[in-house]
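Breakdown of the fold
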Amino acid sequence: MLIAAPAAAQDIGAPGKLLLTNGIGSIEGAAGGGLTPWAVIAGNATKDGFGGQASATIAALPDYDFTSLSAAIGGWDRIEVSFARQVFDTNRVGGALGLGNDFKFDQNVFGAKLRLAGDVVYGAPWMPAIAIGVQHKESLDDAIVRAVGAKNSAGTDYYVSATKLFLNWSLLANATVRATKANQNGLLGHGGALGDAHRLQVEGSLAYQLSRRLVVGAEYRSKPNNLAIAREDDWADVFVAYGVNRHVTATVAYADLGSIATFEKQRGVLVQPQGSF
């Protein structure tokens with residue numbers, strides 16, 4: 001959905017990371033882009049301390065509304081723990097599906113990340129930061145997600161991310177490989193009639209710095225297809241991110257989420273304000 005991208009400059013006299021190189025809160029809580037985690041650690045602190053960030057992602061789609069409230073804490077620019085509460089409002093679609101108008105799917109996502117090697121900004125020019133992470137997802141609607149065909153209401157994703165900011169080109173690139181069996185990010189449970197094993201999915205981000213604080217870019221996330229009731233499309237977006245200062249970031253994106261529960265062309269605008277320290 002959303003991505004925040006780093007700038008190659010730091011506020012004068014301010015300690016800590018370069019402006020925006022902590023990314024934003026992804027829809028699952030991990031620091032990085034809106035759709036995918038990066039090999040960055042939450043917060044503005046460097047290897048000598050702790051930092052954190054909190055954000056709200058709000059999306060208005062033709063037939064649905066989505067909200068993710070997330071927070072993450074980073075330590076020593078090495079480890080991160082995160083949490084996200086996701087709410088997916090079916091609006092009138094809920095009535096058409098027999099769930100009742102404005103039925104909401106709710107999910108908690110607990111995450112952890114460890115940066116293994118490299119650095120997003122410094123070090124060898126072609127050596128990215130590399131991190132591994134885990135995200136445990138628990139649907140709060142067990143009976144409903146099983147009724148639509150999910151094998152389980154809870155499940156765990158595992159991922160590896162590589163991220164590098166090429167300062168000479170003002171370009172950030174990220175690649176993530178995820179092992180998952182989540183349906184619609186876990187909101188519709190995990191596994192189904194078409195598959196109940198972890199499958200590898202690919203995710204990517206590209207961001208270009210237009211000015212010291214303004215960044216544009218795009219991202220892509222492939223999805224498994226486990227439920228028999230409807231196919232699940234890959235996700236993509238284009239975005240604009242603005243670093244108001246070291247503590248406030250604003251991001252706007254246009255996202256294409258494809259078909260969700262048989263309703264096609266779920267495209268819309270997403271916004272995310274974030275605070276960090």
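Our subject in this report is the structure included herewith. Bear in mind that the values here come from a model prediction, so they are computed numbers and not experimental data.

Parameters and conventions
- Residue numbering note: each chain is counted from 1, following its sequence as written.
- For a predicted model such as this one, the threshold for reporting local features is a pLDDT of at least 70, and the threshold for listing and counting side-chain atom pairs is 80 or more; totals across whole chains, interfaces and linings nevertheless cover every residue.
- Calculation of side-chain values draws on the structure's entire complement of heavy atoms; hydrogens and water are dropped beforehand.
- Only runs of H or I of at least four residues qualify as helices and only runs of E of at least two qualify as strands under DSSP, and these elements are numbered from the N terminus.
- C-alpha atoms define the radius of gyration in this analysis, and the globule rule sets the expected value at 2.2 Å times the number of residues to the power 0.38.
- Remark: exposure states derive from per-residue accessible area (1.4 Å probe, protein chains only) relative to the maximum for the residue type, with buried under 20%, exposed over 50%, and partly exposed in between.
- We treat two strands as partners when DSSP finds at least two bridges between them.
- The working definition used for a salt bridge is a side-chain nitrogen of Lys or Arg within 4 Å of a carboxyl oxygen of Asp or Glu.

**Remarks on the overall build of the chain**
The helix and strand inventory of the chain stands at two helices and 14 strands. Over its C-alpha atoms the chain spans a radius of gyration of 18 Å, differing by no more than 12% from the 19 Å that the globule rule assigns to 277 residues. Seen along its three principal axes, the alpha-carbon backbone of the chain occupies a region of about 60 × 30 × 30 Å. Across the 277 residues of the chain, 56% fall into the buried class.

**Some details on the pairing of strand 14 (residues 267-276)**
In the case of a regular strand, side chains alternate between the two sheet surfaces. Bridging between strand 3 (residues 50-60) and strand 14 involves six bridges; their strand directions are antiparallel. Across the sheet, Ile-58 pairs through a bridge with Val-271, a residue of strand 14. Relative to strand 14, strand 13 (residues 248-256) runs antiparallel, the two sharing nine bridges. Within strand 14, the residue paired with Val-248 across the bridge is Gly-275.

**Thoughts on unusual backbone geometry**
One non-glycine residue, Asp-77, adopts positive backbone phi at about 50°. The topology assignment puts Asp-77 in the loop between strand 4 (65-75) and strand 5 (79-89). Given a relative accessible area of 18%, Asp-77 falls into the buried group. One non-glycine residue, Asp-102, adopts positive backbone phi at about 65°. By the element assignment, Asp-102 lies in the loop between helix 1 (91-96) and strand 6 (104-117).

**Notes on the pattern of salt bridges**
Pairing between side chains of opposite charge can happen when the charged atoms of each approach one another. Under the definition given, this model contains 18 salt bridges. Lys-137 is the salt-bridge partner of Glu-28, the closest N and O atoms lying 2.6 Å from each other. A residue pair is termed long-range when its members are at least 10 positions apart, and Glu-28 in the loop between strand 1 (24-25) and strand 2 (31-32) and Lys-137 in strand 7 (residues 129-139) qualify at 109 residues. For the pair Glu-28 and Lys-137, a shared accessibility class is recorded, and that class is buried. Residues Glu-28 and Arg-221 are paired through a salt bridge, measuring 3.0 Å at the closest nitrogen-oxygen approach. Of the two residues, Glu-28 sits in the loop between strand 1 and strand 2 while Arg-221 sits in strand 11 (residues 214-221), which places them 193 residues apart along the sequence. Arg-221 matches Glu-28 in its accessibility class, with the two residues each being buried. One salt-bridge network, in which partners are shared between bridges, spans Glu-28, Lys-137, Asp-157, Arg-178, Glu-203 and Arg-221.

Distances and angles like these do not, on their own, reveal function.
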